[in-house]
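Chain by chain, the residues:
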Amino acid sequence: MCGIIGYIGDREANDILIAGLERLEYRGYDSAGVATIHNNSLCINKKEGRVQNLKELPKLSGNVGIAHTRWSTHGKPSDRNAHPFTDNTNSFTLVHNGIIENYLELKAGLQEAGVNFTSDTDSEVIVHLIAKAYIGNLKEAVLKVVNYLQGSFALCVINKDSDEIIGARNGSPLLVGLGDNENFLASDASAIIEHTKKVIYVNDFEVVGVKKDSVNIYDFNGNEKPKEIKTINWDLEQAQKSGYKHFMLKEIYEQPKVIEDSMQINFNEMLNTGANFNRIIIVACGTASYAGLVGKYVIEKVAKVPVINEIASEFRYKECLINENDLVIAISQSGETADTLAAIRLAKQKGAKTLGLINVVDSTIAREVDDVVYTRAGPEIGVASTKAFTSQLITLYKLAFHLIGEEFQFDVEKIKQALLLNESIRKLAKKYYQSTNFLYIGRNLSFPLALEGALKLKEISYIHAEAYPAGELKHGPIALVSEEMPTVAICPRDSVYEKTFSNIEEIKARSGKVITIATSGDEKIKKVSDDVIYIPEVQEILYPLIVAIPLQLFAYHVADLRDCDVDKPRNLAKSVTVE
Ligand code: F6R
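Here we summarise the structure given alongside this text. (Residues numbered from 1 in each chain as written. Predicted model: local features only at pLDDT ≥ 70, side-chain atom pairs only at ≥ 80, totals over all residues. Heavy atoms only, no water.)

A few points about the packing of aromatic side chains
- One pass over the full model with this rule turns up 11 aromatic pairs.
- Ring geometry for Phe153 and Phe220: centres 6.3 Å apart, planes at 10 degrees, overall stacked. Separated by 67 residues along the polypeptide, Phe153 in strand β7 (residues 151-159) and Phe220 in the loop between β13 (215-219) and β14 (224-225) bring together distant segments of the chain. The pair Phe153 / Phe220 is uniform in exposure class, with both members buried.
- Residue classification places Phe220 among the buried positions, given a relative accessible area of 12%.
- Joined through ring pairs, the aromatic side chains of Tyr397, Phe401, Phe408 and Phe410 make up one cluster.
- The ring centre of Tyr497 lies 4.2 Å from the NZ or CZ of Arg493, which sits over that ring.
- Taking the ring centre of Phe501 as reference, the NZ or CZ of Lys524 above it sits at 4.6 Å. (Phe/Tyr/Trp six-rings, centres within 6.5 Å; stacked < 30°, edge-to-face > 60°. Helix = DSSP H or I, 4+ residues; strand = E, 2+ residues; numbered from the N terminus. Buried < 20%, exposed > 50% of the residue type's maximum accessible area, 1.4 Å probe, protein only. Lys NZ or Arg CZ within 6 Å of the ring centre and 35° of its normal.)

If you want it as structure tokens, here you go:
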């Protein structure tokens, strides 16, 4: 988490950096800061809170600069803990994304040597170490220091006299943007896409020297490495709101197009029918792991291959019983999630084949897996995942059918029909938005959707929401049911319809309020529901794709009615690059 950016060229750096930071805010928004070099001295603005606050401060002059938007790990959100940090002589300044795990030891050593610290962060040690290691060459100083650091980092550092930004990466994303007599460094391409589409991805264990007219990449031993220039295949328009109140709403509405694009995905030989693996292990976090759970039901049903669904942060510390006969699939929108990346690295060590279902092209996981399939959602800016989720579902469905040599069919018109529910769901949200607790229930394929619906609601509206398999209610959670705790019941006309129907009746018998997501034409369900959201009828296996839409819209409208910051919910960041 945290977003970093650097600029070097002939233009004023301040506004370019702040505009870039605004696009990186999805990575964290606890504080923001910018530093430039002007007349051989460092100029710094930093402030707790959103990037917007930087715009209210006097503009900094200078054609070289670095900037940062923070998601706090060490030290609370405050001006004091905002990046960039400087050394005690005000000669060096640095921004950092990641966690320095051995910072306490490093800090103690530096303090003993008389260094004065001005923040509570782990990051600050790096700039003091660089100042100490410096003997006339910033790149050489950074090369020395990276070898002392344990943990993860992407960093940019400048010196008051230098005509160069030095970047370094181990575990957190960093790329170089190549302009015309100007160059950039950034956590991701959205920060610089309005200036250039030509990028070089910095790999782990690389240091990069960026001048306005040259870029050089080195390994941590200082050996120069070849550069691979890539072209970004999306544009600024896709990273803007286009008239929608929030990115989340725009992204919900983009789903028909995303699904059409994802339907074009092809799998290669590794996944051909009869491919050489005995079982599939899916590793992912959050929404991506709920997509994985749908994938489990679908692959097992369609392809009859056993699938284990593992939460990546748990998987990486468990006894790892996978082997070369397993296929491990990582699902990730960002392709940078630290736990999912670690799970993939572990799987590779164990000799398993690895496949990534990844949205961000050339992201770290995409580059590390044996084979990658891009999920084609396009840039997802809202912190709450919507279109990335449905594109992950389509990819998993396609995979299930591919494994048996069949083509997956889906009529995207059904998604368009589901989106027509927007107005009625807004009305429903007006009825329920003041509730403080919600239950979500579903059986079989609807259970992962209950989890996803509850997650969407809690993360953007801050309402407590819990999801259960409908059959589990009577084993405890039904004690929570009361008039004050509405239940969202997912009960399409499928093979478990009657079972879920009975569970809804049990809730009604205890005075619980029930909003049911049901199949269009199901009149009977009205008897046990306070409100019904009717979705178009589809084949049983396809309901998760349709059910996702009203769940997303409901969470969106509830959060909007509660005046929550829908695209940037508190405490969250879109790309979770720390454990
Ligand atoms: C919730 C959400 C998160 C992510 C999770 C994994 O709306 O977006 O739960 O799904 O942090 O992120 P990726 O997919 O980037 O690995």
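Section: the pattern of salt bridges
- The full count for this structure, using the stated rule, is 34 salt bridges.
- The partner of Asp120 in a salt bridge is Arg80, and the shortest N-O contact between them spans 2.9 Å. In this pair, Asp120 sits in the loop between α3 (103-112) and α4 (124-133) while Arg80 sits in the loop between β4 (64-70) and β5 (85-86), placing the two residues 40 residues apart along the sequence.
- When its relative accessible area of 35% is taken as the criterion, Asp120 is described as partly exposed.
- Asp531 serves as the salt-bridge partner of Lys431, at 2.7 Å between the closest nitrogen and oxygen. With Lys431 in helix α14 (residues 422-432) and Asp531 in strand β25 (residues 531-535), this pair connects stretches of sequence that are 100 residues apart.
- With relative accessibility at 16%, the residue Asp531 sits in the buried group.
- Through salt bridges with shared partners, a single ionic network connects Arg169, Asp204, Arg345 and Glu368. (Salt bridge = Lys/Arg side-chain N within 4 Å of Asp/Glu carboxyl O.)

Structural notes on helix α17 (residues 543-561)
- When the terminal C-alpha atoms of α17 are compared, their 28 Å separation across 19 residues agrees well with the 27 Å that a helix rising 1.5 Å per residue should span.
- The buried count for α17 comes to 19 of 19 residues, which makes it a mostly enclosed element.
- At the C-terminal side of α17, Asp563 shows a positive phi close to 60 degrees. (Expected span 1.5 Å × (residues − 1).)

Observations concerning the side chain of Asn97
- Residue position: Asn97 is located in strand β6 (residues 92-100).
- You can call Asn97 buried: its relative accessible area is 0%.
- Separated by 3.4 Å, the side chains of Asn97 and Arg27 make a polar contact.
- Sequence-distant contacts of Asn97, that is, excluding residues within four places in its chain, are made with Met1, Cys2, Ile4, Arg27, Ser152, Phe153, Ala154, Ser172, Pro173 and Thr577. (Polar contact = N/O pair within 3.5 Å; in protein donor to acceptor, adjacent residues only side chain to side chain. Contact = heavy atoms within 4.5 Å.)

Quick look at unusual backbone geometry
- Residue Pro84 is reached from His83 by a cis peptide bond, and omega for that bond is -5 degrees.
- By secondary structure assignment, the location of Pro84 is in the loop between β4 and β5.
- Here Phe205, not a glycine, exhibits a phi torsion of approximately 60 degrees, which is positive.
- Tracing the backbone through its elements, the reader meets Phe205 in the loop between β11 (198-201) and β12 (206-210).
- The phi torsion at Asn444 lies on the positive side, around 55 degrees, for a residue other than glycine.

Examining the site of the ligand
- Lining the immediate surroundings of the ligand are 15 residues, of which Ser332, Gln333, Ser334, Thr337 and Glu459 lie closest.
- Thr287 is positioned such that a nitrogen or oxygen atom in its backbone is 3.1 Å from an oxygen atom of the ligand.
- About the coverage of the ligand: the protein hides 89% of its 410 Å² of free accessible area.
- Elements with a minimum of two residues in the shell around the ligand: α8 (286-303) and α15 (446-461). (Near = heavy atom within 4 Å. Areas by Shrake-Rupley, 256 points an atom, 1.4 Å probe, with all protein chains shown as cover.)

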